[in-house]
Amino acid sequence: MADTTNQRALDGFLKAIERRALRMTELATASREEALDLVQDAMFGFVRHYADKPQDDWARLFYRVLDSRINDWYRRRQVRSRWTGTFLRTSDDEDDDPIVQAPDAADPGPLLRLAGSQAALALDDALRALPHRQRQAFLLRLWEGLDVAATAAAMRCSEGSVKTHLSRALAALRRALEDHQLEDHQ
Amino acid sequence: MNESDPQSWLADARARLDESAQSLDAATLSRLNRARQAALAQRRSRGLRGWWLPAAGLATSCALALAVLAWYPPGHPTQRVAPAHAPVSDAEIAADDGIEFYQDLEFYAWLDAQEQDSGG
């Protein structure tokens, strides 16, 4: 009985969080497919290791797992780009060139094409341009609504670091969005 | 987006992010749903396995206990077979001949020596 209740609570929690988690991951990877895979991995890891923890801790634990998956993804990509940079750069075929094949950050993608808003596009671009830690601090703290301690736990850093990342993220976003507005007016 | 007021542009940014999360396409939502169900199914199957293993262990123990009871029913006299060259203990000898034999052992030894002397 208690297990069924817990299962239902888990389902509700994941359902409530999955869309924002996907968007955060998509902003980090610039790829919907990669983001879906990483969110699925994070769901599995979270359910396997933390489902029995108190529900109040679930959000920070889930984002901790997701952040870990995103960091792993960055590491894998770094190793892959080293290899491809060393051995495959000689290829003339553009189909094999990972740089050409990499998702274009400027491409709004289906989601933003549907939204059709220049402001949304500018925000997306500005968020993608942020360093990963700054973007995570901004999204977890100001979008997901985690407090500073929970954000620090999710990002595995000190509360002071969260404040620093957040302050830099806010300054960079503000600058980027003002620049965008100036370009629009010209 | 109004960037002049920090609270305003932040609220605007949050609203746009919310909108982008709410307007995900059907295929993406379906993938998310399947991912969630698979993660939860993993937990259910683990829970089932956790219940099934102790039950199987208990069933095996019961079967073994029943087999032992069928082989040696209660009240059935157990036969003890002495080994062919089992050592004979002092207590068993004493039970056969009586404790007096041991108490008079010195006397019998003396008697035997007297008979030998008189005979030789």
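No experiment lies behind these values; they were computed from the predicted model shown.

Novice: Describe the overall build of chain A, and please don't skip the residues or the numbers.
Specialist: When its secondary structure is counted, chain A shows nine helices and zero strands. Of the regular secondary structure in chain A, the N- to C-terminal order runs α-α-α-α-α-α-α-α-α. Out of the 186 residues in chain A, the part that is buried amounts to 44%. A sequence separation of at least 24 residues applies to 64% of the contacts in chain A between residues at least 6 apart. Accessible surface computed for chain A: about 9,900 Å², of which carbon and sulfur atoms make up 49%.

Novice: Could you give me a rundown of the nonpolar core, with the residues and numbers involved?
Specialist: Counting residues in each nonpolar core, the largest one holds 57 residues, and the members touching the most others are A:Phe46, A:Phe62, A:Tyr63, A:Leu127 and A:Phe138. When residues no more than four places from it in sequence are discounted, the contact partners of A:Leu127 are A:Leu27, A:Arg135, A:Phe138, A:Leu139, A:Leu173 and B:Leu17.

Novice: If you had to explain the pattern of salt bridges to someone new, which residues and values would you point to?
Specialist: All names here are of chain A. Taken as a whole, this structure holds 14 salt bridges over all chains when the rule is applied. As a salt-bridge pair, Arg75 and Asp72 come within 2.7 Å of each other at their nearest N and O atoms. Placement of the pair is Arg75 and Asp72 together in helix H3 (residues 58–88), with a separation of three residues, close to one helical turn. Judged by its relative accessible area of 49%, Arg75 falls in the partly exposed class. In this structure Asp72 comes out as partly exposed when scored by relative accessible area, which is 27%.

Novice: Explain the interface of chain B and chain A residue by residue, including any values.
Specialist: On the side of chain A, 41 residues touch chain B, which itself brings 31 residues to the contact. Both sides together, the interface formed by chain B and chain A hides about 3,500 Å², and carbon and sulfur atoms give 60% of it. On the surface where chain B and chain A come into contact, there are five salt bridges. With its nearest N and O atoms 2.8 Å apart, the salt bridge here joins A:Asp11 to B:Arg36. Only helix H1 (6–22) and helix H2 (26–71) of chain B provide two or more residues apiece to the side of chain B that touches chain A. At 14 residues, H2(B) tops the list of elements feeding residues into the side of chain B that touches chain A. Looking at the side of chain B that touches chain A residue by residue, the class counts come to 14 nonpolar, seven polar and ten charged.

Novice: Lay out a nonpolar patch on the surface in plain terms, naming residues and giving numbers.
Specialist: All names here are of chain B. On the surface, Phe107, Tyr108, Trp110 and Leu111 cluster together to form a nonpolar patch covering roughly 420 Å² of accessible area. Mapping Leu111 onto the fold places it in helix H5 (residues 105–119). Residue classification places Leu111 among the partly exposed positions, given a relative accessible area of 30%.

Novice: Describe the side chain of A:Gln7, with residues and values.
Specialist: Topologically, A:Gln7 is positioned in helix H1 (residues 2–29). Given the relative accessible area of 10%, A:Gln7 is considered buried. Polar side-chain contacts of A:Gln7 include one of 3.0 Å to the backbone oxygen of B:Leu40. Ignoring any residue separated from it by four or fewer positions in sequence, one finds A:Gln7 in contact with B:Leu40, B:Arg43 and B:Arg44.

Novice: With reference to specific residues and values, describe unusual backbone geometry.
Specialist: Trans is the prevailing form of peptide bonds, just as negative phi is the prevailing case for residues other than glycine. Despite not being glycine, A:Ala30 has its phi angle at roughly 60 degrees, a positive value. Within the secondary structure layout, A:Ala30 lies in the loop between H1 and helix H2 (32–50).

Novice: A description of the confidence of the model for chain A should follow, citing residues and the corresponding values.
Specialist: The predicted model of chain A has a mean per-residue pLDDT of 83, with 78% of residues at 70 or higher. Low confidence marks residues 90–116 of chain A, where pLDDT is under 50. Its contacts with residues over four positions away, or in another chain, come to 26 contacts.

Quick notes on the rules
Residues numbered from 1 in each chain as written. Chains lettered and ligands numbered in written order. Predicted model: local features only at pLDDT ≥ 70, side-chain atom pairs only at ≥ 80, totals over all residues. Heavy atoms only, no water. Helix = DSSP H or I, 4+ residues; strand = E, 2+ residues; numbered from the N terminus. Buried < 20%, exposed > 50% of the residue type's maximum accessible area, 1.4 Å probe, protein only. Contact = heavy atoms within 4.5 Å. Areas by Shrake-Rupley, 256 points an atom, 1.4 Å probe, with all protein chains shown as cover. Core = buried A, V, L, I, M, F, W, Y, C linked by side-chain atoms within 4.5 Å. Salt bridge = Lys/Arg side-chain N within 4 Å of Asp/Glu carboxyl O. Buried area = accessible area lost by both parts, 1.4 Å probe. Nonpolar A, V, L, I, M, F, W, Y, C, P; charged D, E, K, R; others polar. Patch = residues over 30% accessible without salt bridge, like charges linked within 9 Å, V, L, I, M, F, W, Y side chains within 5 Å. Polar contact = N/O pair within 3.5 Å; in protein donor to acceptor, adjacent residues only side chain to side chain. pLDDT = per-residue confidence, 0-100.

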